[in-house]
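# Structure at a glance
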Amino acid sequence: MTIVTRDRIAFFADLQNARTTVLTLRAASDLGDAETLAYVLMPEHLHWLMTLGPHRPLHRVVHAFKSVSAHRVGQPVWQRSFHDHAMRTDEDCVAAARYIIANPVRRGLVERVGDYPHWDAVWL
């Protein structure tokens, strides 16, 4: 899934905003709403690969994440919509995770994935 910031503002170029948002993302897993498989928080968007928990539908999980993260950052952060794509196999998920976490390298923000601070994947 991809979630974009309001007006594509680079809210997450600010380290505090980025870390606050990553902690909120991790809380979604702790609550059982979603199991995060991989994510990368770019300056103006989030790529989030996850499996949905049994309690809430996707749009409610995303809405809760966006609401809580904006509240914690202290200002409106996100565009109203999000883009999602269902994965069909575990193999597709691993390839998607590799693609997601390489996003900062493709954008020229860092030379190596490990140099970018705002990402994680269960396979790495």
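One can find the structure itself at the top, above this paragraph.
Remember, predicted model here, so these are calculated numbers, not experimental data.

## Some thoughts on the overall build of the protein chain
If you tally the helices and strands in the protein chain, you get four helices and four strands. Since a compact globule built from 124 residues should have a radius of gyration of about 14 Å, the 14 Å found for the protein chain is in line with a globular shape. With the C-alpha coordinates aligned to their principal axes, the bounding extent of the protein chain is approximately 40 × 40 × 25 Å. By the burial criterion, 44% of the 124 residues in the protein chain qualify as buried.

## Some remarks on the pairing of strand β3 (residues 45-52)
Among the eight residues of β3, six are classified as buried, and the element is accordingly described as predominantly covered. Here strand β1 (residues 2-4) pairs with β3 via three bridges, running antiparallel. In the sheet register, Ile-3 faces β3, and the bridge partner there is Leu-46. For strand β2 (residues 34-41) and β3, the ladder comprises seven bridges, and the chain directions are antiparallel. Of the residues in β3, the one forming a bridge with Leu-41 is Leu-46. Count of turn residues in the β2/β3 antiparallel hairpin: three residues.

Parameters at a glance
- Residues numbered from 1 in each chain as written.
- Predicted model: local features only at pLDDT ≥ 70, side-chain atom pairs only at ≥ 80, totals over all residues.
- Heavy atoms only, no water.
- Helix = DSSP H or I, 4+ residues; strand = E, 2+ residues; numbered from the N terminus.
- Rg over C-alpha atoms; globule rule 2.2 N^0.38 Å.
- Buried < 20%, exposed > 50% of the residue type's maximum accessible area, 1.4 Å probe, protein only.
- Pairing = 2+ DSSP bridges.

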